[in-house]
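The residues making up each chain are set out below.
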Amino acid sequence: MKKMSSKRPAAWFETYGCQMNKNDSELVAGILAEHGYTVTRDLDHADIALINTCSVRAHAEQRALGRIHNLAHWKQCAPGRKIVVLGCMAQKDRESLFDEIPAVDLIAGPDAYRHLPGLLKDPGRACDTQPDSTETYSGIHPLRAPHVSGWVTIMRGCDNFCSYCIVPYTRGRERSRPFREIEKEIVQMTSLGFREVTLLGQNVNSYHDGESDFPGLLEKIAANPDLKRIRFMTSHPKDCSERLFEVMGSNGIICPHLHLPVQSGSNRILERMNRGYTREHYLQLIDLARTSIPELAVTTDMMVGFPGESESDFGDTVSLMRTVRFDDAFMYHYSPRPGTASAKMADDVPQEEKLVRLNHIIQIQHMISREIKSGMIGSIRQVMAEETSKQSGSEWLGKTGGNHAVVFPKQHIGPGEIVSIRIESCRGFTLRGTALAAPGHESSSGRIRHQDIPVRQSTPI
Ligand code: SAM
Ligand code: SF4
Ligand code: F3S
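Note that the structure is a prediction, hence the values are computed from the model and not measured.

Take the overall build of the protein next. Secondary structure summary: the protein contains 13 helices and 19 strands in total. For 461 residues, the compact-globule estimate of 2.2 N^0.38 gives 23 Å, and the C-alpha radius of gyration of the protein, at 22 Å, lies within 12% of that figure. The dimensions of the protein, computed from C-alpha atoms along their principal axes, are 60 × 55 × 45 Å. Buried positions account for 58% of the 461 residues belonging to the protein. When the accessible surface of the protein is summed, it comes to about 18,700 Å², and 52% of that surface belongs to carbon and sulfur atoms.

Written as structure tokens, this is what we have:
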């Protein structure tokens, strides 16, 4: 992001929640940049502090609230400073936030970001949380930090109303961005050096812009000759199609990684969650995907302690984990969200028991992830050089097609290059390797075909 100039007002961001929220912060930065703002990483140089919040669990809200409270002191240190609350908690708690934290100047929900430059001119407090189910931020260019890999939101909102989830209430109705808009954004990204895009939506499998469904969209995006890799998330098991797996299996630039949240292994709990599929259907999907896509990595989200989850239901989740052997998983304990359907159910699994169950599945998953990673030692993987490793300036941190992080010596390799790496060790969850002398083999389309098994992805939600 750009450095602050002394004349133009400077915006500082802190973002909580999912990748869509992080991409929204880039979108807001783009909107503000169009109106003369710069973006700074240094809070002391900022004129406005924007906190983009998440409401998915109580803990996410508490972290953001703590941060906003602390900013009250920052605001007092210079005249004209403003605190802006964006995102899902801004939408959900629009009526109480000003009272709870008097230092807040502006509240804007996920459909109101276009109006921010105008709202910021308001000398008093302002709040815009009007849902707009047509808003796809057409024509806005997100302002991204230079990198080789970037997020592209292809749809907004969610219509699924899983009984535990706040997202449909904070993000509104599902809408897909037209392909032409997405294409324009990706062309702009590749001109800036991006070589990988991750397509984002709460349920990408229900994407439809009137012309293409999601597999069709993937094929169209894959035709961009300047892209080397396409990733996407999140897939919902109830809408996952055989055609998606065919397109993934036959198109070399679509990474062999499927993030397919299961939530629970118990049919009784899946029904109470309103997920729209059974354990059996989920397992069939995994079999089909693994048959159709060579060396597929599968990751998931899981929740324990949902209302009514018995020992036996929890046992079903554990057995599903052992059956599927996920490369990685994001694991949570249930947190009731006011206004959702499950908030009306008795939250009857005691907190200590939720934590015991959570720790149990975390241990199992760590063991499986380590086994999968150790099994990669000695193999050769196609790895994209993404950023300088935090441990050493002479090493790259890169990812396999399956999203396993790999550290390797930089040698002559440039950012965004995909190279053949021999995996030599696995310490903790980090794989290390070295590049083979010869570059990675090219697919018939002239681009690298990914042939690897993955593991750990970064989805801090
Ligand atoms: N759209 C994605 C899907 O359907 O799988 C997930 C989006 S949600 C923002 C990310 C994850 O947070 C969910 O998969 C779920 O595991 C978890 N989550 C959502 N609501 C939760 C709640 N009330 N308590 C605990 N975890 C929750
Ligand atoms: Fe929430 Fe379900 Fe929508 Fe995912 S699909 S965002 S879990 S309501
Ligand atoms: Fe959180 Fe909203 Fe994303 S609730 S997970 S920031 S859609």
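Reading across the sheet, the three strands line up as β7-β10-β11 and stay open at both edges, with parallel pairing between neighbours. Both outer strands of the open sheet, β7 (149–153) and β11 (229–233), are each paired with one neighbouring strand and no more. On average, each strand axis in the sheet is tilted by 25 degrees relative to the strand beside it, whichever way the strands run.

Turning next to the domain arrangement of the protein. Parsing the protein into structural domains produces domain 1 (10–128), domain 2 (149–374) and domain 3 (380–452). Computed from C-alpha coordinates alone, the two centres of domain 2 and domain 3 are separated by 25 Å. Taken together, the 27 residues of domain 2 in the interface contact 24 residues of domain 3. Summing the contributions of domain 2 and of domain 3, the shared interface buries around 2,000 Å²; its carbon and sulfur component is 51%. In terms of surface lost to domain 3, no three residues of domain 2 exceed K228, R229 and K373, which account for 34% of the buried area on that side. Between domain 2 and domain 3 we count zero salt bridges in total. Every element with two or more residues in the side of domain 2 that touches domain 3 is listed here: β11, α9 (242–250) and α13 (351–374). Broken down by element, the residue count for the side of domain 2 that touches domain 3 peaks at four residues, all from α13. The residue inventory of the side of domain 2 that touches domain 3, partitioned by class, reads nine nonpolar, nine polar and nine charged.

Let's shift gears to the site of ligand 2. Around ligand 2, the surrounding shell consists of C158, N160, F161, C162, Y164, C165, V167, P168, Q202, H236 and R275. Classifying every residue of the shell around ligand 2 gives seven nonpolar, three polar and one charged.

By secondary structure assignment, the location of K410 is in the loop between β17 (405–409) and β18 (418–427). Summary of buried charges: K410 has no salt-bridge partner, and the nearest side chain of opposite charge, E395, is 9.7 Å away. In this structure, K410 is in contact with T388, G393, S394, E395 and W396, ignoring residues within four places of it in sequence.

Reading around the barrel, the five strands line up as β15-β16-β17-β19-β18 and close back on themselves, with mixed pairing between neighbours. Ignoring strand direction, the axes of neighbouring strands in this sheet form an average angle of 50 degrees. Inspection of the sheet shows β18 paired to strand β19 (residues 430–435) by six bridges, in the antiparallel sense. Paired with S425 across the bridge in β19 is R432.

Between its terminal C-alpha atoms helix α2 (residues 58–76) stretches 28 Å, which fits the 27 Å expected from 19 residues at 1.5 Å a residue. Every buried residue of α2 is accounted for by A60, E61, A64, L65, I68, L71 and W74.

So, about the pattern of salt bridges. Taken as a whole, this structure holds 27 salt bridges when the rule is applied. Between D347 and K354 there is a salt bridge, with the nearest N and O atoms lying 3.0 Å from each other. Here the salt bridges share partners, and the residues they tie into one network are E26, R144, R177 and E185.

This next bit is on unusual backbone geometry. Of the consecutive residues M233 and T234, the connecting peptide bond is found in the cis state with omega at 10 degrees. For T234, the location among the structural elements is in the loop between β11 and α9. Its identity as a non-glycine residue notwithstanding, F161 has a phi of 50 degrees, on the positive side. Checked against the element boundaries, F161 lands in the loop between β8 (155–156) and α6 (167–171).

Moving on, we get to the site of ligand 3. Around ligand 3, the neighbouring residues are C18, N21, C54, S55, V56, C88, V167, R171 and Q202. The residue makeup of the shell around ligand 3, split by class, is five nonpolar, three polar and one charged. Looking at which domains feed residues into the shell around ligand 3, each of domain 1 (10–128) and domain 2 (149–374) gives three or more.

Attention now goes to the environment of D348. Summarising the element assignment, D348 is placed in the loop between β14 (328–333) and α13. When the C-alpha atoms of D348 and F306 are compared, they prove to be 8.3 Å apart, with 42 residues separating the residues in sequence. If we ignore the near neighbours within four places in the chain, the residues touching D348 are P307 and G308. Among the polar contacts listed, one links the side chain of D348 to the backbone nitrogen of G308, at a separation of 2.8 Å.

What counts and how
Residues numbered from 1 in each chain as written. Chains lettered and ligands numbered in written order. Predicted model: local features only at pLDDT ≥ 70, side-chain atom pairs only at ≥ 80, totals over all residues. Heavy atoms only, no water. Helix = DSSP H or I, 4+ residues; strand = E, 2+ residues; numbered from the N terminus. Rg over C-alpha atoms; globule rule 2.2 N^0.38 Å. Buried < 20%, exposed > 50% of the residue type's maximum accessible area, 1.4 Å probe, protein only. Areas by Shrake-Rupley, 256 points an atom, 1.4 Å probe, with all protein chains shown as cover. Pairing = 2+ DSSP bridges. Axes fitted to C-alpha atoms, helices over the stretch in contact; angles between N-to-C directions. Domains from an automatic or database assignment. Contact = heavy atoms within 4.5 Å. Buried area = accessible area lost by both parts, 1.4 Å probe. Salt bridge = Lys/Arg side-chain N within 4 Å of Asp/Glu carboxyl O. Nonpolar A, V, L, I, M, F, W, Y, C, P; charged D, E, K, R; others polar. Near = heavy atom within 4 Å. Lys, Arg positive; Asp, Glu negative; His and termini not counted. Expected span 1.5 Å × (residues − 1). Polar contact = N/O pair within 3.5 Å; in protein donor to acceptor, adjacent residues only side chain to side chain.

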